[in-house]
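Reading the structure
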Amino acid sequence: MRIICIDDEPLILQMTVALCRELPEKPDVCGFSTAADALKWLAERTADIALLDINLPDMNGIELAARIRETDPSVSIIFLTGYSEYAVDAFALHASGYLLKPVNKQRLKEEIDLAMQRRGVQSGVTEPSAKIFARTFGEFDLYANGQVVSFPRSKAKELLAYLIDRQGGSISRATAFAVLWEEGVYDRSMQKQLDVIIRSLRSTLQSVGAEAILEMKQGTLRICPERLDCDLYRFLSGDVSAINTYRGEYMNAYSWASQTEAFLDRMQHRM
């Protein structure tokens with residue numbers, strides 16, 4: 001992994017480079033104090049991740065991100081700044097992350113892990129990570145080892161989405177049925193059909209090593225939030241990058257998600 005850091009404050013640049021070098025992956029890290037130096041370096045080399053300050057002496061960080069993307073669209077951009085008002089412009093460029101100074105080592109690691117995971121998804125390369133990530137903003141997808149999980153049954157995927165929306169709350173089998181078949185009658189035949197969906201969900205999760213995120217006990221089902229990463233959970237915990245990533249769309253395919261979407265809209269407006 002190769003990371004470049006651009007910041008005109010010497011101490012901040014030194015600290016950021018040092019934190020990156022402490023990552024378990026032991027990346028190759030280069031630091032630059034000007035946009036011009038970084039672009040000159042990128043003209044002859046490639047980078048996986050670029051950590052950019054917003055305010056640079058020779059070029060706005062947003063403009064620099066655009067220039068980097070022109071040179072290499074695959075570079076993951078993470079903004080590291082004290083100016084949260086630039087979030088909208090940053091994420092219009094599809095930035096991978098947005099961290100406020102002073103940077104926290106654990107949060108930096110999490111953002112870099114997610115950025116590399118997304119790079120794996122886009123390129124078809126599996127990152128050496130067992131991390132499970134649920135994307136709920138926009139369309140719902142589950143990622144395991146950096147790749148999108150394929151669900152043979154769409155209702156099994158919807159059931160997982162609903163459990164994630166419940167944030168660890170348990171639901172009964174009857175509730176699961178009502179969510180999946182809004183107008184259906186929960187008779188013996190449909191109970192068997194629900195069994196098929198639950199078995200399919202468990203089988204899919206097991207096939208990607210994610211079975212631990214689902215808990216079944218005494219006829220109830222729940223997701224264990226502590227066993228997966230999720231943009232919704234980050235948003236609710238006050239994570240700035242997750243809050244700024246949300247664009248008013250939440251689990252678009254499911255009508256029951258509209259209530260949570262309205263709640264997220266209100267929360268983001270207040271923030």
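As a starting point, this report considers the structure included with it. Since the structure is predicted, the reported quantities are computational estimates derived from the model, not experimental observations. (Residues numbered from 1 in each chain as written. Predicted model: local features only at pLDDT ≥ 70, side-chain atom pairs only at ≥ 80, totals over all residues. Heavy atoms only, no water.)

1. Comments concerning the packing of helix H6 (residues 154-165) against helix H7 (residues 173-180)
Running from N to C, H6 and H7 cross one another at 115°; their axes reach a closest spacing of 10 Å. Relative to H7, H6 is oriented so that their crossing is right-handed. Taken together, the residues of H7 that come into contact with H6 (itself represented by Lys155, Glu158, Leu159 and Tyr162) are Thr175, Ala176, Val179 and Leu180. A per-class count over the contact of H6 with H7 returns 5 nonpolar, 1 polar and 2 charged. (Axes fitted to C-alpha atoms, helices over the stretch in contact; angles between N-to-C directions. Helix = DSSP H or I, 4+ residues; strand = E, 2+ residues; numbered from the N terminus. Left-handed = near helix turned anticlockwise from the far one by under 90°. Contact = heavy atoms within 4.5 Å. Nonpolar A, V, L, I, M, F, W, Y, C, P; charged D, E, K, R; others polar.)

2. Side note on the nonpolar core
Side chains of a nonpolar character, in soluble globular proteins, are inclined to be buried together. Residues Leu159, Leu160, Ile164, Ile223 and Met251 are the most contacted members of the largest nonpolar core, which totals 45 residues. Secondary structure elements with two or more residues in this core: strand E6 (132-135), strand E7 (141-144), H6, H7, helix H8 (188-207), strand E11 (220-223), helix H9 (231-236) and helix H10 (240-245). In terms of residue count, H6 provides more of this core than any other element does, 7 residues in total. Excluding residues within four positions of it along the chain, Met251 makes contact with Thr136, Gly138, Phe140, Ala161, Ile164, Asp165, Trp256 and Ala257. (Core = buried A, V, L, I, M, F, W, Y, C linked by side-chain atoms within 4.5 Å. Buried < 20%, exposed > 50% of the residue type's maximum accessible area, 1.4 Å probe, protein only.)

3. Considerations on the pairing of E7
Covered by surrounding structure in E7 are Asp141 and Tyr143 together with Leu142 and Ala144, the residues of both alternating faces. Of the pairings in the sheet, the one linking E6 to E7 comprises 4 bridges and is antiparallel in character. Looking at E7, one finds that Phe133 is bridged to Tyr143. Two successive antiparallel strands, E6 and E7, enclose a turn made up of 5 residues, where Gly138 displays a positive phi of approximately 85°. Direction of pairing for E7 relative to strand E8 (residues 147-148): antiparallel, over a ladder of 2 bridges. Bridge pairing links Ala144 to Gln147 in E8. (Pairing = 2+ DSSP bridges.)

4. A few points about the side chain of Asp231
Topologically, Asp231 is positioned in helix H9. Although Asp231 is buried, it forms no salt bridge, and the closest oppositely charged side chain is Arg135 at an N-O distance of 5.9 Å. (Lys, Arg positive; Asp, Glu negative; His and termini not counted. Salt bridge = Lys/Arg side-chain N within 4 Å of Asp/Glu carboxyl O.)

5. Points about the sheet that holds strand E9 (residues 171-172)
Pairing within the open sheet is antiparallel, and its 3 strands lie in the order E9-E11-E10. In this open sheet, the two strands that pair with only one neighbour each are E9 and strand E10 (214-217). Pairing geometry for E9 and E11, over 2 bridges, is antiparallel. Each residue of the ladder has a partner; that of Ile171, found in E11, is Leu221. In the packing of H6 onto the sheet, the strands contacted are E9, E10 and E11, and the crossing angle to E11 comes to about 70°. Along the sheet, H8 contacts E10 and E11; its crossing angle with E10, the most-contacted strand, is approximately 140°.

6. Concerning helix H3 (residues 61-71)
Within an α-helix, residues lying three or four positions from one another point in the same direction, as the helix has 3.6 residues per turn. For H3, the full list of buried residues reads Gly61, Ile62, Leu64, Ala65, Ile68 and Arg69. Projection of H3 onto a plane perpendicular to its axis shows the buried side chains occupying an angular sector of 160°, all on one side. (Arc of directions from axis to C-beta.)

7. Let's talk about the sheet that holds E8
Read from one edge of the open sheet, 4 strands run E8-E7-E6-E12, paired in mixed fashion. With one partner strand each, in any of the chains shown, E8 and strand E12 (229-230) form the two edges of the open sheet.

8. Re the pattern of salt bridges
One pass over the full model with this rule turns up 14 salt bridges. Residue Asp141 is joined to Arg135 by a salt bridge in which the shortest nitrogen-to-oxygen separation is 2.8 Å. The closest approach of N and O atoms between Arg222 and Glu215, which form a salt bridge, is 3.5 Å. Arg222 sits in the buried class, given a relative accessible area of 18%. Given a relative accessible area of 25%, Glu215 falls into the partly exposed group. Through salt bridges with shared partners, a single network forms among Arg107, Glu110, Glu111, Asp229 and Arg234.

9. A few points about the environment of Ala144
As for its placement among the helices and strands, Ala144 is situated in strand E7. Taking the C-alpha atoms as reference points, Ala144 and Leu228, separated by 84 residues in sequence, lie 9.8 Å from one another. Setting aside residues no more than four positions away along its own chain, Ala144 makes contact with Lys131, Ile132, Val149 and Val208.

10. A word on the packing of aromatic side chains
Summed over the entire model, instances satisfying the criterion amount to 9 aromatic pairs. For the ring pair Phe32 and Trp41, a centre distance of 5.8 Å and an interplane angle of 55° mean the geometry is tilted. Here the two residues Phe32 and Trp41 agree in accessibility, since each one is buried. With centroids separated by 5.1 Å and ring planes inclined at 65°, the aromatic side chains of Phe137 and Tyr246 adopt a geometry described as edge-to-face. In this pair, Phe137 is assigned in the loop between E6 and E7 and Tyr246 in the loop between H10 and helix H11 (258-270), connecting sequence segments 109 residues apart. (Phe/Tyr/Trp six-rings, centres within 6.5 Å; stacked < 30°, edge-to-face > 60°.)

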